[in-house]
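Chain and residue survey
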Amino acid sequence: MEIDNAFDQLLELIKQTDIYKKYNHILRQAKDNQDINSIVKDIKTIQQRLVKAEYIDKKNIETLEIELESKKQALYSIPLYQDYLEVSEELNTLIMLINKKIQSCINSLDI
């Protein structure tokens, strides 16, 4: 189908952009970074404990929220994670732009 081929070509074009290549490079580095992985694991554990605390032990919530905020600050202080956030935002912006153009094209159809 022509539309499928066009979208496949669009995806290939996106994959060839510097933004996408940079994103993949930083993503691989972030996945291999033990500090990032450890803190993300801790954050997920704290979030799970927070959800349980909301139903079981409401006294613990404030302590868990402080602990969660501390872990987030530690994560945001890692330069590689900052790079990841920046390039993720750039890639998301590119995808949103493409999405808006597609949506605009669809909206202009007389259906």
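It should be emphasised that the depicted structure is a prediction, and the values quoted were computed from it without experimental measurement. (Residues numbered from 1 in each chain as written. Predicted model: local features only at pLDDT ≥ 70, side-chain atom pairs only at ≥ 80, totals over all residues. Heavy atoms only, no water.)

Quick notes on a negative patch on the surface
Here is the rule: Patch definition: residues with relative accessible area over 30% and no salt bridge; like charges joined within 9 Å; nonpolar side chains (Val, Leu, Ile, Met, Phe, Trp, Tyr) joined within 5 Å. The Shrake-Rupley method, run with a 1.4 Å probe, gives the accessible areas here. Residue values count only the displayed protein chains as cover. We define a salt bridge as a side-chain nitrogen of Lys or Arg found within 4 Å of a carboxyl oxygen belonging to Asp or Glu. None of His or the chain ends enter the tally, which takes Lys and Arg as positive and Asp and Glu as negative. The atom standing in for a charge is NZ when the residue is Lys, CZ when it is Arg, CG when it is Asp and CD when it is Glu. Only DSSP runs of H or I covering at least 4 residues are called helices, and only runs of E covering at least 2 are called strands; the numbering of each starts at the N terminus. Note on exposure labels: buried denotes an accessible area under 20% of the residue type's maximum, exposed denotes more than 50%, and partly exposed covers the range between, all computed with a 1.4 Å probe on protein chains only.
Negative charge collects at one region of the surface, where D83, E86, E89 and E90 lie side by side. Residue placement: E90 occurs in helix α5 (residues 79-107). Judged by its relative accessible area of 36%, E90 falls in the partly exposed class.

Describing the pattern of salt bridges
Using the criterion set out here, one finds two salt bridges in the structure. Between R49 and E67 there is a salt bridge whose closest N-O contact spans 3.9 Å. A residue pair is termed long-range when its members are at least 10 positions apart, and R49 in helix α3 (residues 34-55) and E67 in helix α4 (residues 61-76) qualify at 18 residues. Judged by relative accessible area, which is 41%, R49 ranks as partly exposed.

Considerations on the packing of aromatic side chains
The following threshold applies: Centres within 6.5 Å make a pair out of two Phe, Tyr or Trp rings, where for Trp the six-membered ring is used; the pair is then stacked when the planes are under 30 degrees apart, edge-to-face when over 60, and tilted otherwise.
Applying the stated criterion to the full structure yields three aromatic pairs. Where Y76 meets Y81, the ring centres are 5.8 Å apart and the plane angle is 35°; that geometry is what we call tilted. Aromatic rings pair up to connect Y23, Y76, Y81 and Y84 into one cluster.

Here's the deal with the nonpolar core
Quick note on the threshold: The definition of a nonpolar core used throughout is a set of buried Ala, Val, Leu, Ile, Met, Phe, Trp, Tyr and Cys residues joined through side-chain atoms within 4.5 Å. Residues count as neighbours in contact if any of their non-hydrogen atoms are within 4.5 Å of one another.
Core analysis: the biggest nonpolar cluster contains 22 residues, and I36, L75, I78 and L80 have the highest contact counts within it. For this core, the elements supplying multiple residues, two or more each, are α2 (18-32), α3, α4 and α5. Once you skip the residues sitting within four places of it in the chain, L80 turns out to touch I26, Q29, A30, N33 and I36.

Fair warning: the whole summary comes from geometry, so function is off the table for now.
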